Each structure stands twice: as C-alpha cells, then as structure tokens.
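Chains, contacts and geometry: an overview
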Amino acid sequence: MFRTALRNVLAHKARLLMTVLAVLLGVAFVSGTLTFTDTLGEAFKKSSAQSFDHVSVAVRPHSAREEDRPKLDDALLEKFGKLPGAESVTGTLSGFTALAGKDGRPVGDGWSAQGTNHFPGPDGEDPRHRFTDGRAPQGPDEVAIDSRTAERTGYRTGDTLRLSADGSVRTPKITGVFDTDDGNVAAGGTLTVFDNATARKLFDGDEYEEITLQAAAGTSERELRQQVAQVLPEGLKADTGRQLADEQAEMITEQTSAISNTLLYFAAIALFVGVFIIANTFTMLVAQRTKELALLRAVGASRRQVTRSVLLEAFLIGLIASVLGFAAGIGIAVGMRAAIGATGAELPDGPLVISPTTPLVALAIGVLVTMAAAWLPGRKAAKVPPVAAMNSVHAAPTARGLVVRNSLGGVITAIGAAMLFLGVSGGTTALLAAGAAAVLIGVIVLTPLLSRPVVAASAVVVDRFGVAGRLARLNAVRNPRRTASTASALMIGLTLVTGLTVVAVSVQTAVDKMAVGLMRADYVVTSVIGPGLHPEVREKLDALPEVAATSPMRQGNADLDGSYQKVTGVDPAAVGKVLDLDFAGGSLAGLAGGGALVDQETADAAGLATGDTLTLKFYDDDKTEKLEVTGVYNGNQMIDGIFVDTAVIDRHQDKPRDYQLMVAMRDGPSPAAEKSLIAASDHNPAVRVQDKAAISEEISSVVSLLLNMLYGLLAMAVLIAVLGVVNTLAMSVFERKHEIGMLRAIGMDRARVKRMIRLESVVISLFGAVLGIGLGIFLGWAAGTSVRDTLEAYTMTVPWDRIALFLALAGLVGVVAALWPARRAARLNALEAIKAE
Amino acid sequence: MTSSFTGATGAAPSTAVAARATGLTKVYGEGETKVVALDAVSAEFRQGEFTAIMGPSGSGKSTLMHCVAGLDTITSGSAAIGGTELGPLKDKQLTKLRRDKIGFIFQAFNLLPTLNALENITLPMDIAGRKPDQDWLEKVVKTVGLEGRLTHRPSELSGGQQQRVAVARALAGQPEIIFADEPTGNLDSRSGAEVLGFLRNSVRELGQTIVMVTHDPVAAAYADRVVFLADGRIVDELHGPTAESVLDRMRSLPTGAAAPQRESTRPGSEGTAAPTG
C-alpha cells in the first residue's frame, strides 16, 4: 500500500502542486510565528537582564497610597548607604521630557520621550549611563542624551538643545552622550539625563521612584537584601536584581506569547482555508481513480485498505509540504525581523531561536490538517464498488447527498442567526461570537445550494461575453461542491476583511464625530507630556491678533457622591466660541457666576437638574465646594463631565495646568495661523497644535494602521484561497480536455477558450467575494452592537468605496488565478483531446 | 509512388470539389522513431458526395481526415477546403475555417453536457455569432428525428440520440463539408444504422458533402464511394459499395485487413510504433 501511495503522489506531482503550496504556506505561517516570537522574546530577555546588571537590590513602594508609607527620600538613601554590604546606592527618578530636533519638530512621540536623573556613585559614575563622549551634566543648564538619539537627531556634545519637561521651554547645553540599557531607548524612545537636583525639580519629586543598591565585593544579592530588610520601613519592599530580572522575563514571555497567540489565530484561519483546497484535490484524485480503486477492491483490497491508501498519500503530501513549510517559516521569521527593523522600530539584537518543539508542531499540524482534509474523500474512495472496474462509464458526482447537506447547513445557519440576534438584543459578546462562527460554518455548508442562484444571476453580465461567457457560467456550477469549497475558501477571508473593515470604519467615524463634533474651535493645543500646559501658554496665544478666542480645558479632580468625577475648568466668556454644547436644559449664561454645567448622563445618575445644588469635594485640597447647576448638556466620550469656571479649579490647586487649549481663529485654520500658534507657544517641543483635520487624520491613521495590520495577517488566508481557485480551474481544464478539444475542433479559437476559463474563474471568485462581503457586513453589524455599549456615538458605516474595491480585487484574483489554467486550456491539442480513450 | 484516384462517377450531380489532398504527406517523429503516416496521398472529395475512407487500423485513414479538416498540420504536399489552401493558414484562420465551412462528428465527446440538445446543435453558430436559419434548423431537426427532445440534456438522451444531435449540429450550419470520424463506433448496430441513414439522407436530400472514416464495412456501404488506405497510401477505390464488396476489397488489400498492421516507412515491415489512426 505504501508503494501504491508513493507512486500516486509522484505520478500527480503537477496536480498536487497547489495543495502542497497551500499546506506549505499554512505551516510556514505557524513555524514563522513561533520562531519569530521565540527569537524576539529571547532577545528582549537578554537585553532586559543586562539592565539589572548593576542592581543587586531594589527598594520600591509596596502600596500605591503615599500616606501609608515613608517617602523614598535622601534620608532613607543614606540609611541604606551605611549598610555594610552596600557598595553604592542610587535613587532614580524619571519623567516625560520632550526634545525638539534640529528642525524644531518634536523627536519621536510624546510617551517614549523620557528624562531621568544622573546619580553618580562613589566612583563618580552612574552605571545606567556609560558616557561615550563628554561628561555628565551639572546644574540646571546642562543635559546629556543617549547615543541613539544623538545619532538620530545629529546633536553633538556642545550643542544647545530645546526641551520641555515640566511644560516650560528650556535650552540647556549638551555636555555628553551615553550608551544605556534602558528598555525605552531600546524600543526607540529618547532619554535625556539631568543632574539629580534639576531632575528632582523638573519631575516634581520630593522622593525617588526607586532606590537601588549595588553589593560590595563578597556580599551576595541575597545577603544584601537581608540587610536591607532589617532596616526597611513598613510599606516598602526590597527585591534582588535576580528577582527583578525574572519578573521582567516572565512579563516578556507573557507579552510575546500574547503576540504569538494572535498570530497563530491568523495562521489557523490560513490552515482552515487550506483544508478546502486539500479536500478538493483529493476528491478529484479519487474520482479520477475510480477504476483503479475498484480494481484494487476487485483484487482483494478491503475498504479500509483503500481508505488507508488515500490517507497515506495525504500523509506523504502533508509531510513533504510541512518540511518545506517549516523551512519557509524560518525564512519568514528572519524576514519579519528585517521588515520591522526597516519601519524604524528598534528590536534588540539576538541570535535566531528555533525551539525544538517548533519543527515538531509544524510537522504535526501540516500532516494532521492534510490527513483530516483527505479523510472524507478517502471514505468516498472506499465506497467504490469492485464492479466499477469493469464499467466503462464512471459515475459522475450527482446531486445526491446535497439534500442532507443543505438541511444541515440550513439548521446551523438558523441556529447561528438566532444566537446572533439574541446576542444583539441581550448583549453578551460570547453569544455573538458563537453565533457568528455558527453562521459562517452554516453558510459554508450551504454554499453549493447558494452557488446555483448566485451564479445564475451573474448571467446578466457574463452572458454578454457570448458563448464563452455562457459556457463559463454553466461550467462554474457543474460541480457545485467543488465550486462551493473554492468559493468558501475565498469567502472566509473576505468575511473577516469586510467585517473588520465595517467595524473599524464605523468606530473611526464615531470617534471622529466625538472628537470634532462638539468643537467650534479651529485648533486644539495639547501637551504631549504629563503635567499639561502652563497657564502662560494661553496668555501668549491670546495676545496674537489672529486669535479670536481661547478657552483652557483645566483639569480638576473631584468627588461627587462618593465617586471620581471629571471636572473641567473653562473660560465662561470664551467657551461658547470654542465648544458647541447641546443643552438639554439651562444655558451657558450662569457659568461665570460660579455655576456648573453637567452632562446628561452624570445629571441622571446623580439626580441633578438645572437649578439644583451640586456638592463637589476636590481631591487636591480635600475641600468641598457647592455649585448651582446652571445647565445640563448632551455630552459624548470626549466632551463630558462637569464644566466650571477656571477660577473654581484655581481655588483648589497650587499649580493649575491646562490639559488642552481650544483656540478659535478670526479667519479659520490656515498654515500661517498654525505657524504663529507654534511660534507663540515658544516652539515648545511638548506642545502640539492640531486643527480639526489633523485630529481626524490622527484618528483615521490609527484605524488604518490597525486595519492594514489585519489585512496583512489575513493576506495569507486570501493567498491560499487564490491557490484554491487556480487548483480548481486546473482540475477542471484537465477533466474537460476532451470537451475543450471538441470546442476547438468545431471552431472556438484559443482566445475564446482562454476567455471561457477566465470567466469561469472570475465567476467563482466573485461568488465567494459576494458571499464573503454580504456575510462580513452582516457580522460587522452584529459585532457593532456590542461596540455601541462602550461607544455611544457608534453607528454602522458601510464603506462602500472599499467594498467596491474588494469586489474589484476579487475579480482581479479570478483573472490572475486563471492565467495558467487558461493557457493550458488554450494550448490543448484538439486532436489528442477528441481521440477516444 | 503517388496514387491518385478521382471519383468520376459519383452519385452527386455536381463535379465541384469540396476538399482535396495533393501529395499529402504526414510524418510523425524524427530519426529512429520517424513514422510516415501519410505518404504523398492525393484525393478529391466532390460536393454532394458521401465518401467513406477505409483501411485497417493504423493505415492513416484518420490522419488523412484530420489533415484535410485542418485539425492537424501537414508535413508536405497540400490540402484544401473549397479552394482554400490549408498549409499557409495560422491557427486562428484554421479555427475560423473549421467553424464556418466544416462540420464535425466524432466517435465520442461530441456534446457539451451543460447544454441541452438544441443549444448543442446551434453551438458552432453561437461561437461564430451567427443566427441559425430557422427553416433549415427545423428541417435538420426533423430529418434526424429530434423534435421532442430539443430541451433534453445529453445525459437524458441515449447514445444513438446523442449522436443524432451531433449529426444535427454538423448539418445545422450548412457547412461545405462534414467530416465524421467513426461516428458509429460507440453505438449498437440499430442506432448506428439510424445515424448512417441520416448521413446518407442528408447527402441525398439536402445535398451535403460528407467524408466518413470507418473500419466497419457495413458503415462504409452507406457511402457513394469508398477509398481504401493502407500503409499511408490510397490503394483502392470502390463506387456504389455494398458491405460484401467492401469486405472483399479489404481482404484483397496488399497488407491484409484481417491483421491490423502498424505503419512504417517501408511497407510490410513491422514493429515501428505509430500513432493509431
């Protein structure tokens, strides 16, 4: 039996090509993912372990609340320094520090721009910063920058740098450039170093974030930790460097396995799509070998042996494809790292890590998927009666069995739809997901049934291509099962693509509406770093002649009826010009006199109405304030909470900061206006000036990035589906070579034979695409209902332009997939084809 | 050696030539495996004549038909359909010629299973983008007796009925000549007789020109004229044949009809592989 199977595999090399490719790609995705994430995880672990080299013991707060513990201050630092096992003690401190490049624009994005203190030990060095040039900064007008940032910006020792750490602009001199193991820098961020006193002032620190100790020679980490523990006050905890490194390693493993799992989901989709192609191929091979199989049965092979010979063939194909796929996967892993590196993201270096389980997993998955897909065709093979060997006509696949299939598909689809509707009205995500999966599977089962009416409907267009079009359409439904599995493979990819696109575009529209919908201002000025904008920024902007009005958005934090409440201070005189509040009751009028505007939802929850009195307890100074509700407005996720006069907030804060400034211009937004706003804010790298269009663009770029990543991940599944179309057409051409020969003989020219195959391919592809897009929109609608729970402004937006593009691409896929089969068909020798077998 | 035969006294009134082969030679392969399938064959097929080409298997009879019908290329010599030389034609022109001037009936794979009987009959005209002549079509359908079966799919028709559809398809376009390659090879004798009857009637009543390749003396007896091939050459000719006279001639053929023989460059030598005719 083994020899028979091997011979069969070798005999059908060309016809098995697409099947092998489908398995290969799926397996490559799996092994590529595993290798890539293993390599990445190992590299991150190594680089993070390095950053704990100079830490023997680290002391950190145990509980979050400051009142419950002593401060990590200099007194504590000194106490640790006196421990016999301590070689040196370091207090570390950090905060956002925005840098301007030589072109005046901020370097990197806000969150990865960090600053820290330089804390030299007894030897005058801070092991965190290894200077390669110059020296450590001293005094408020000096800084040092990391070498990667220096390389990126072109700054050198001696240059003057523009930065902002506390909101105001500083222009210190660069005294040195250093190398660091800082994880943020490794990930592409910037690190600016200040001397300790300056850092403490800038980062508002009456204490350190962490105190680290380095053990003296002869003292182990654990011994030092015991010494620290003896003097350690309540509320603080001490860990050895080893513990911290382990902790971090665990976190990295968790993160990389999360990435790995996400990628594996998509690999599973690709493999699932591959199943349809494998099943198609084996069904065809079995159908073509009916006589041969019958002969085997006639000479005494049992049904089981026949099934086993088919499965053995699948095993061999799976094995070959998996070995190749594994090798391709290693290539993918290497390529992926290079590709990510090319986008500018910095990944730590490290050797390629291929864990021993990876090849095993790859082989097992490839072989099992192939054998599982070949199982049904194998069983069909066993049902061939021995007498079929003698018959000259082999029975063509009939419509028998579709009745069972259709009923089953109908039931699954109905159950899935019922679950979906329940989920939509009841709102559990699990029910929605299960319903969506059931509907998808149900429709896959129903595809043969759907193929007839949908393909028949294509007559309107296809029959315009004359007899080639009509024959193509008829051929497309000739073997409904095969057409169905081919189209299903494409449908799965397109369902996911369409569904995700609908949800993402709807979210984007909703967020966009919230972000700029209630805005009357032309510009929003924000601080990209923590503390917010200094009130003087507003004064500078107000002084500009082209500015019509500005209002701060000053953050206050208060307690209303025992829970946190966002309170925003605005300028009562200007707020009407920058915000378009939709009042349900009251108006802006009373705000100036100590009134408060409350959004509808908060008002409902607190039982407040216009005219009522509101009691807020401010967290900043624990004082209570009573305000009259002078207006109730309909808010959204961006504009919500309680609005008060900035004067109210200022009463409770020492250092009020504006998280945003809303600016209305006299002549609307313009590049010149934007320039003068930037200039007025002192070219502060921490200040960002955006008009409405820029905000919308930022939102849409986030959504596009996410969508593009998903498209990329689903590309493999779509690619495999395209191979399926090629496979099906190649099979059809092979099976119909006599017919095509006859057509050539009676006068169909090569061009029309090609057109016939191409149109069949396009019809099948578009059939899959139409099903996928329809199902995708439906599932997108269902998924959207669960999004609406968290995003009120969500309304389903179907991006018809994109959907038209998907359809066009599906048509193109059909044309491309038919290239090779159509050429083969056109080249068929009419003479050979019409000769009797 | 060139053998030339002309049907001087056909049943057909016309003397115009529908198809002609002149010194037609067809060689397969090269060197050691070189096989001469047709050795300078010259023949004419007159309009309104039903010609049968006979010969033992491997005699080159199918090759002759394929070459004259523009399905196969010619090594040397020439072939023409209604005055059009086939030699210089490109594939596209040959295809058009087959479409517009020739009807085909094959032994098998004659019909498209996705089309019904009527659609199969009009297929060549659909390909050409021509409207069928309704009166003629009705006449043809009636002649082959398919009136009640036009909407049936091939799978719903018997073998004989399927072949009658093929005959109707060949006739429907009123081609200059119809080539039939063992049209009764897959049929039982009764259905075969029916189909051959239709072919003969179409010649007698509709004035069609038919060239039929067969190895069955009974089938050949339906023709006006029988041309005998052996070893790639025309060796004999018979007018107004009967099954008996055909059988007699075959027995007297130089290489003998009883033992089908492989072709070779040298007549009489055996064992060289050749494509079956």
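Residues numbered from 1 in each chain as written. Chains lettered and ligands numbered in written order. Predicted model: local features only at pLDDT ≥ 70, side-chain atom pairs only at ≥ 80, totals over all residues.

If you check an unreviewed UniProt entry, chain B appears there as ABC transporter ATP-binding protein from Streptomyces zingiberis.

Where we set the bar: UniProt positions are given in the numbering used here, feature names are shortened, and annotations may be inferred rather than shown by experiment.
Identification of chain A as ABC transporter permease from Streptomyces zingiberis is taken from an unreviewed UniProt entry. For chain A, the Sequence similarities (unreviewed entry) comment in UniProt is given as "Belongs to the ABC-4 integral membrane protein family." As its UniProt record puts it under Subcellular location (unreviewed entry), chain A is described as follows: "Cell membrane".

Overview of the overall build of chain B
To keep things clear, this is the line we draw: A run of H or I in DSSP counts as a helix once it spans at least four residues, and a run of E counts as a strand once it spans at least two, with each numbered from the N terminus. Any residue surrounded by 20 or more other C-beta atoms within 10 Å of its C-beta is treated as buried, while 12 or fewer makes it exposed and the intermediate range makes it partly exposed; C-beta atoms here are placed from the backbone. We call two residues in contact when their backbone-placed C-beta atoms lie within 7 Å.
Helix and strand counts for chain B stand at 8 helices and 11 strands. Counting only residues that meet the buried cut, chain B has 51% of its 277 residues in that class. Taking as baseline every contact in chain B between residues at least 6 positions apart, the subset at least 24 positions apart corresponds to 70%.

A few points about the overall build of chain A
Within chain A, the regular secondary structure consists of 26 helices and 23 strands. Counting only C-alpha atoms and orienting by the principal axes, one finds that chain A spans roughly 100 × 75 × 45 Å. The buried share among the 837 residues of chain A stands at 46%. Taking the intrachain contacts of chain A between residues at least 6 apart in sequence as the baseline, contacts between residues at least 24 apart amount to 83%.

Focus: the pairing of strand β4 (residues 50–54) of chain B
Residues and elements named next belong to chain B. Put simply, the rule is: By the convention used here, strands pair only if DSSP detects at least 2 bridges between them.
Burial within β4 is extensive, with 5 of its 5 residues counted as buried. Strand direction decides the pairing type here: β4 and strand β9 (residues 210–214), joined by 5 bridges, are parallel. What sits directly across from T51, in β9, is V211. Sheet topology note: the β4/strand β10 (residues 225–230) ladder contains 4 bridges and is parallel.

Examining the interface of chain B and chain A
As a reminder of what qualifies: Each residue receives one of three labels: charged for Asp, Glu, Lys and Arg, nonpolar for Ala, Val, Leu, Ile, Met, Phe, Trp, Tyr, Cys and Pro, and polar for the others, Gly being one of them.
With 23 residues of chain B at the contact, the number on the chain A side is 19 residues. Broken down by element, the side of chain B that touches chain A gets its largest block of residues, 6 residues, from helix α2 (residues 91–101) of chain B. Partitioned by chemical class, the residues of the side of chain B that touches chain A number 10 nonpolar, 6 polar and 7 charged.

Things to note about the domain arrangement of chain A
All names here are of chain A. Quick note on the threshold: All the domain ranges listed were derived from an automatic or database domain assignment.
In terms of domains, chain A is made up of domain 1 (1–53 + 242–395), domain 2 (57–241), domain 3 (451–517 + 693–837) and domain 4 (530–685). With centres defined by C-alpha atoms, the gap from domain 2 to domain 4 works out at 35 Å. Taken residue by residue, the interface counts 14 residues in domain 2 and 10 residues in domain 4. Elements supplying a minimum of two residues to the side of domain 2 that touches domain 4: β3 (94–96), β4 (98–100) and β8 (162–164). When its residues are assigned to classes, the side of domain 2 that touches domain 4 shows 7 nonpolar, 5 polar and 2 charged.

A closer look at the sheet that holds strand β10 (residues 173–179) of chain A
All names here are of chain A. Inclusion rule: Simply put, an axis is a line fit to the C-alpha atoms, just over the touching stretch for a helix, and the angle between two N-to-C directions goes from 0 to 180 degrees.
Overall, mixed pairing links the 6 strands, which are arranged β3-β5-β11-β7-β10-β6 in an open sheet. Whereas interior strands pair on both sides, the edge strands pair on one side only; in this sheet they are β3 and β6 (130–134). For this sheet the average axis-to-axis angle between neighbouring strands, irrespective of direction, equals 30°. Sheet topology places strand β5 (residues 113–118) next to strand β11 (residues 190–195); 6 bridges connect them, and they run parallel. Pairing of Q114 across the sheet is with L191, part of β11.

Focus on helix α3 (residues 117–128) of chain B
Taken across its 12 residues, α3(B) has 11 buried, putting it largely inside the fold. Of the positions making up α3(B), those classed as buried are A117(B), L118(B), E119(B), N120(B), I121(B), T122(B), L123(B), P124(B), M125(B), D126(B) and I127(B). Those residues of α3(B) that are buried are in contact with α15 (467–476) of chain A together with α2 and α5 (159–172) of chain B. Taken from the residues just after α3(B), G129(B) is the one with a positive phi, measuring 75°.

Considering the packing of helix α16 (residues 480–517) of chain A against helix α24 (residues 750–788) of chain A
Between two packed helices, the angle of one axis relative to the other and the distance separating the axes together describe the packing. All names here are of chain A. This is how it is decided: Left-handed describes a crossing whose near helix is turned anticlockwise from the far helix through less than a right angle; right-handed describes the clockwise counterpart.
Where α16 contacts α24, the two axes come as close as 6 Å, and the packing angle between them is 35°. Two packed elements cross with a definite hand, and for α16 against α24 that hand is right-handed. Per-class residue counts for the contact of α16 with α24 are 18 nonpolar, 14 polar and no charged.

Concerning the sheet that holds β9(B)
Residue and element names in this part refer to chain B. Across the sheet, which stays open at both edges, the 6 strands sit in the order β7-β8-β9-β4-β10-β11 with mixed pairing between neighbours. Either end of the sheet is taken by a strand with one partner, and the two such strands are β7 (102–105) and β11 (233–239). Direction aside, neighbouring strands of the sheet carry axes that sit 20° apart on average. Sitting on the sheet, helix α8 (residues 243–251) touches β4, β10 and β11, and the angle it makes with β11 is about 155°.

Comments concerning the environment of G104(A)
All names here are of chain A. One can find G104 in the loop between β4 and β5. Owing to 11 C-beta atoms within 10 Å, G104 belongs among the exposed residues under this scheme. When the C-alpha positions of G104 and G189 are compared, they lie 18 Å apart, and in sequence the two are 85 residues distant.

A closer look at the nonpolar core
We count it as follows: Throughout this description, the term nonpolar core refers to a group of buried Ala, Val, Leu, Ile, Met, Phe, Trp, Tyr and Cys residues whose C-beta atoms join them within 7 Å.
Grouped together as the largest cluster of nonpolar side chains are 217 residues, with contacts concentrated most on A270(A), A717(A), I720(A), V763(A), V167(B), A168(B) and L199(B). The element contributing the most residues to this core is α16(A), with 18 residues. When residues of this core are sorted by domain, at least three fall in each of domain 1 (1–53 + 242–395) and domain 3 (451–517 + 693–837) of chain A. Beyond its immediate chain neighbours, meaning those up to four positions away, V763(A) contacts V455(A), S458(A), V462(A), A472(A), R473(A) and A476(A). Counting residues in each nonpolar core, the second largest holds 89 residues, with A100(A), V107(A), I145(A) and V525(A) among its members.

Things to note about unusual backbone geometry
Residue and element names in this part refer to chain B. One non-glycine residue, A40, lies in the positive phi region at around 50°. When you line up the elements, A40 lands in strand β3 (residues 35–46). For E182, which is not glycine, the phi dihedral falls at a positive 45°. Within the fold, E182 resides in the loop between β8 (177–181) and α6 (189–206). Of the residues examined, E182 has 21 C-beta atoms within 10 Å and is grouped as buried.

What about the environment of F583(A)?
All names here are of chain A. Residue placement: F583 occurs in strand β17 (residues 583–586). Between the C-alpha atoms of F583 and V632, which are 49 residues apart in sequence, the distance is 5.8 Å. Once residues lying within four places of it in the same chain are set aside, the contact partners of F583 are G631, V632 and Y633.

As for the environment of D74(A)
Along the chain, the position of D74(A) falls in helix α3 (residues 74–81). As for D74(A) and N8(A), which are separated by 66 residues in sequence, their C-alpha atoms are 80 Å apart.

Looking at the confidence of the model for chain A
To keep things clear, this is the line we draw: Confidence of the prediction at every residue is given by pLDDT, a number between 0 and 100.
Summary statistics for chain A give a mean pLDDT of 86 and a share of 96% for residues scoring 70 or more. Every residue in residues 392–399 of chain A is under pLDDT 50, and counting partners more than four places away or in other chains gives 6 contacts.

Section: the confidence of the model for chain B
All names here are of chain B. Per-residue pLDDT for chain B averages 82, and the proportion of residues at 70 or more is 86%. Low pLDDT (under 50) marks residues 1–13, which in the prediction has 28 contacts with non-local residues, meaning those over four places away or in another chain. Counting contacts from residues 256–277, a segment whose pLDDT is below 50, to residues more than four positions away or on other chains yields 48 contacts. Quick note on the complex model: pTM equals 0.80, ipTM equals 0.80.

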